[in-house]
Amino acid sequence: TSGLTWSVAADPITKIGTQYGLVWTAFIFFTVFGLLNVLTGIFVDAAIKAVMNDRDHMIATQMEERESLVMIIRAVFHLSDCDGSGMLTAEEFETLLKNDEIVYYLEALGIDGYEARKLFE
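Residues numbered from 1 in each chain as written. Predicted model: local features only at pLDDT ≥ 70, side-chain atom pairs only at ≥ 80, totals over all residues. Heavy atoms only, no water.

*Asks:* Run through the overall build of the chain, naming residues and quoting values.
*Replies:* What the chain contains, in helices and strands, is 5 helices and 0 strands. Secondary structure of the chain in N-to-C order comes out as α-α-α-α-α. Over its C-alpha trace the chain gives a radius of gyration of 35 Å, far above what one expects of a compact globule, namely 14 Å for 121 residues. If you line up the chain on its principal axes, its C-alpha atoms span 100 × 30 × 20 Å. Going through the 121 residues of the chain one by one, you find that 17% of them count as buried. Taking the intrachain contacts of the chain between residues at least 6 apart in sequence as the baseline, contacts between residues at least 24 apart amount to 34%. Element-wise, carbon and sulfur atoms account for 66% of the exposed surface of the chain, whose accessible area totals about 9,800 Å². Looking at the chain, you have 8 positive and 18 negative side-chain charges, and the mean spots of the two groups are 10 Å apart. (Helix = DSSP H or I, 4+ residues; strand = E, 2+ residues; numbered from the N terminus. Rg over C-alpha atoms; globule rule 2.2 N^0.38 Å. Buried < 20%, exposed > 50% of the residue type's maximum accessible area, 1.4 Å probe, protein only. Contact = heavy atoms within 4.5 Å. Areas by Shrake-Rupley, 256 points an atom, 1.4 Å probe, with all protein chains shown as cover. Lys, Arg positive; Asp, Glu negative; His and termini not counted. Charge placed at Lys NZ, Arg CZ, Asp CG, Glu CD.)

*Asks:* Help me get a handle on helix α4 (residues 100-108), residues and values and all.
*Replies:* When we look at burial in α4, the residues that qualify are Ile 102, Val 103 and Leu 106. Down the axis of α4, the smallest arc covering the buried residues is 100 degrees, so these residues share one side. Counted as exposed and oriented over 90 degrees from the buried face of α4: Asp 100 and Tyr 104. Buried residues in α4 make contact with α2 (18-80) and α3 (90-97). At the N-terminal boundary of α4, the capping side chain belongs to Asn 99, with an oxygen 3.0 Å from the backbone nitrogen of Glu 101. Of the residues one or two after α4, Gly 110 is the one with positive phi, at around 85 degrees. (Arc of directions from axis to C-beta. Polar contact = N/O pair within 3.5 Å; in protein donor to acceptor, adjacent residues only side chain to side chain.)

*Asks:* Break down the packing of aromatic side chains for me, with residues and values.
*Replies:* This model, assessed by the stated rule, comprises 3 aromatic pairs. A centroid spacing of 6.3 Å and a plane angle of 15 degrees characterise the contact between Phe 29 and Phe 33, whose relative ring orientation is stacked. Linking Phe 29 with Phe 33, this pair stays in helix α2, spanning 4 residues, or about one helical turn. A relative accessible area of 51% places Phe 33 in the exposed class. Taken together, the aromatic side chains of Phe 29, Phe 30 and Phe 33 make up a single cluster linked through ring pairs. (Phe/Tyr/Trp six-rings, centres within 6.5 Å; stacked < 30°, edge-to-face > 60°.)

*Asks:* Before we move on, could you go through the environment of Thr 5 and cite the residues and values that matter?
*Replies:* Along the chain, Thr 5 turns up in the segment before α1 (6-16). The exposure class of Thr 5 is partly exposed, given its relative accessible area of 43%. Thr 5 sits 13 residues away from Thr 18 along the chain, and the two C-alpha atoms are 18 Å apart.

*Asks:* With reference to specific residues and values, describe the confidence of the model for the chain.
*Replies:* Summing up the model confidence of the chain, the mean pLDDT is 84 and the portion of residues at 70 or higher is 98%. The element-level mean pLDDT for the chain is lowest in helix α5 (residues 113-117), coming to 75, with α1 highest at 89. (pLDDT = per-residue confidence, 0-100.)

Okay, structure coming up:
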């Protein structure tokens, strides 16, 4: 690469004394080691930030999906309120649970149909 070789650079220092050559070699070693450590730290920090952003995005997406399901179920409950009381009776709820689509929405929220029936007991 037409640059200066290490042996040529170290030659004047080792002529002064072997211990100075060793100190110079240790200095070069620790300088290169420190530089690589800083570069690795920058890379790892960027990778951790990317993972955290991805994790935050996954959590936000999950919350949006859950909110969407809650809104759909709320709308279905309002439509299923036959007597217009603003509350579902046990009979209205049982009719609602006969709809497979509603059961799937409830399961997506982590609510089992059997557990939901227990609310009316």
